[in-house]
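One-letter residues, chain by chain:
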Amino acid sequence: QVQLAESGGGLVQAGGSLRLSCAVSGSGFNINVMGWYRQAQGKQRELVAIITSGGTTKYGDSVKGRFAISRDNAQNTVYLQMNSLKPEDTAVYYCNTLGRRWLGQPFDYWGQGTQVTVSS
């Protein structure tokens, strides 16, 4: 059983910072990619940032230079440091993990989401 636990969302003023965390629990698997997506009200879910087990990262265009993703492979935890937040960053942020169980089955799991609200 793979479970994701997100934390760190909240309300912040424009220009402020927040740090999201997502811990993946369970056993019998290897995680390849961990990342964050977001969905604003009335909009489609979009990529925020992903990071591979080797540390390769990819960011959505709207967050480049402001957000930084990192991970602790030993703790199966991914972090998203969000700086210079803007009102348009307001959304529900979802953690995602791609991996493979030791018996070979791939998996793709999502967290429950955490609200980030940036006031102007």
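See the structure shown above.
Conventions used here
- Residues numbered from 1 in each chain as written.
- Predicted model: local features only at pLDDT ≥ 70, side-chain atom pairs only at ≥ 80, totals over all residues.
- Heavy atoms only, no water.
- Helix = DSSP H or I, 4+ residues; strand = E, 2+ residues; numbered from the N terminus.
- Contact = heavy atoms within 4.5 Å.
- Pairing = 2+ DSSP bridges.
- Axes fitted to C-alpha atoms, helices over the stretch in contact; angles between N-to-C directions.
- Disulfide = S-S within 2.5 Å.
- Buried < 20%, exposed > 50% of the residue type's maximum accessible area, 1.4 Å probe, protein only.

Novice: How do you make sense of the environment of S21 when you look at a structure like this?
Specialist: Here S21 lies in strand β3 (residues 18-25). As a C-alpha pair, S21 and W36 span 15 residues in sequence and 9.8 Å in three-dimensional space. In this structure S21 touches A5, E6, S7, W36, V78 and Y79, once residues within four positions along its chain are discounted.

Novice: How should the sheet that holds strand β1 (residues 3-7) be read in this particular structure?
Specialist: An order of β1-β3-β8-β7 is seen for the four strands of this open sheet, with the pairing classed as antiparallel. Of all strands in the sheet, those bounded by a partner on one side alone are β1 and β7 (67-72). Averaged over all pairs of adjacent strands, the angle between their axes in this sheet comes to 15°, without regard to strand direction. Bridge count between β3 and strand β8 (residues 77-82): six bridges; the pairing is antiparallel. Counted as the bridge partner of L18 is M82 from β8.

Novice: I keep staring at the state of the cysteines and nothing clicks. Help me out?
Specialist: Any covalent bond linking the sulfur atoms of two cysteines counts as a disulfide. Applying the stated rule across the entire model yields one disulfide. In this model C22 forms its disulfide with C95; the gap between the sulfur atoms is 2.1 Å. Measuring the twist about the S-S bond at about -85°, one finds the C22-C95 disulfide to be left-handed. Residue C22 is found in strand β3, and its partner C95 is found in strand β9 (residues 91-101); the two are separated by 73 residues along the sequence. For the pair C22 and C95, one class covers both residues: buried.

Novice: I tried to follow the pairing of β1 on my own but got confused; where do I start?
Specialist: Remember that side chains alternate between the two faces of the sheet whenever the strand is regular. Across the two faces of β1 the burial differs, with L4 and E6 buried and Q3, A5 and S7 not buried at all. Taken together, the five bridges between β1 and β3 define a ladder with antiparallel strand orientation. What sits directly across from A5, in β3, is A23.

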